[in-house]
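In case you want the letters, here they are:
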Amino acid sequence: VLAVSTTALADALVFGADAWCPYNCNDPKKPGFFIELAQRALGPSEPGAVYRPMPWSRALEQARSGSIVGVVGAARAESRGLRYLDAAAAVSSNVIFTRKGHAFPYRGLDSLLGKRVGIIQDYEYEEELTAFRDRHPEVFETASGERALE
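Since this is a predicted model, take the numbers as computed values, not measurements. (Residues numbered from 1 in each chain as written. Predicted model: local features only at pLDDT ≥ 70, side-chain atom pairs only at ≥ 80, totals over all residues. Heavy atoms only, no water.)

1. Considerations on the pairing of strand S7 (residues 140–143)
Walk down a regular strand and you will see the side chains alternate between the two sheet faces. As paired elements, strand S6 (residues 117–120) and S7 share four bridges and run parallel to each other. Paired with Gly 118 across the two strands is Glu 141, which belongs to S7. Between the parallel pair S6 and S7, the chain is carried across by helix H3 (residues 127–135), and the sense of this crossover is right-handed. (Pairing = 2+ DSSP bridges. Helix = DSSP H or I, 4+ residues; strand = E, 2+ residues; numbered from the N terminus. Right-handed = clockwise from strand over helix to strand, strands pointing away.)

2. Some points on helix H1 (residues 33–42)
Where H1 is concerned, the buried positions are Phe 34, Ile 35 and Ala 38. End-on view of H1: buried residues confined to an arc of 100 degrees, all on one side of the axis. Elements in contact with the buried residues of H1: strand S2 (13–17), strand S3 (49–53) and strand S4 (70–72). Directly beyond the C-terminal end of H1, a positive phi value near 75 degrees is found at Gly 43. (Buried < 20%, exposed > 50% of the residue type's maximum accessible area, 1.4 Å probe, protein only. Arc of directions from axis to C-beta. Contact = heavy atoms within 4.5 Å.)

3. Focus on the packing of aromatic side chains
Within the structure shown, the criterion is met by seven aromatic pairs. On the basis of an interplanar angle of 55 degrees and a centroid distance of 5.3 Å, the ring pair of Tyr 23 and Phe 33 is categorised as tilted. Here Tyr 23, found in the loop between S2 and H1, pairs with Phe 33, found in helix H1; they are 10 residues apart in sequence, far enough to count as distant. Residue Phe 33 is classed as partly exposed on the basis of its relative accessible area of 29%. Between Tyr 123 and Tyr 125 the ring centres are 6.1 Å apart and the planes differ by 40 degrees, which places this aromatic pair in the tilted class. In this structure Tyr 125 comes out as buried when scored by relative accessible area, which is 13%. Members of the aromatic cluster, joined through ring pairs, are Trp 20, Tyr 23, Phe 33 and Phe 34. In this structure, Lys 115 is placed above the aromatic ring of Phe 104, and the distance from its NZ or CZ to the ring centre is 4.8 Å. (Phe/Tyr/Trp six-rings, centres within 6.5 Å; stacked < 30°, edge-to-face > 60°. Lys NZ or Arg CZ within 6 Å of the ring centre and 35° of its normal.)

4. Things to note about the pattern of salt bridges
On inspection of all chains with the given rule, the structure shows three salt bridges. For Arg 58, the salt bridge identified is with Glu 146, shortest N-O distance 2.9 Å. Residue Arg 58 is located in helix H2 (residues 56–65), and its partner Glu 146 is located in the segment after S7; the two are separated by 88 residues in the primary sequence. Classification of Arg 58 as partly exposed rests on a relative accessible area of 38%. (Salt bridge = Lys/Arg side-chain N within 4 Å of Asp/Glu carboxyl O.)

5. Regarding the state of the cysteines
All told, the structure shown has one disulfide when counted by the stated rule. There is a disulfide in this structure between Cys 21 and Cys 25, and the S-S distance comes to 2.0 Å. The exposure class of Cys 25 is buried, given its relative accessible area of 9%. (Disulfide = S-S within 2.5 Å.)

Any functional reading would require information that these geometric values do not contain.
If you want it as structure tokens, here you go:
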């Protein structure tokens, strides 16, 4: 759930990720439960945990370089080169959404053939979906950057 760099040292422990509510959100009053867990774990006497929203690929890169202390919500496979905490605070699964009025009968991954599926650069997806993506790259549109989730 948290992938941590062993080289980042700062006054505050800065974690990065793209918004993935309710895990980590762009609302300072409701930062998400991963951020709240980190803040509570560190307690008031520590320098504290700060969440800095940023594109996913940048968060991974900055954690690996030591610019930030860790990445919020990382899967083990996408956090290579970082120390992965053993205790999971949550479990997630992939789901498929369509635009309103564009529903189709989903009967497995082959149902996606002939469709355009948006994915986020450097996100880790379930093994079956990743294998399907590797066999059918023409189905997938990869988004990245500041507005990848829009």
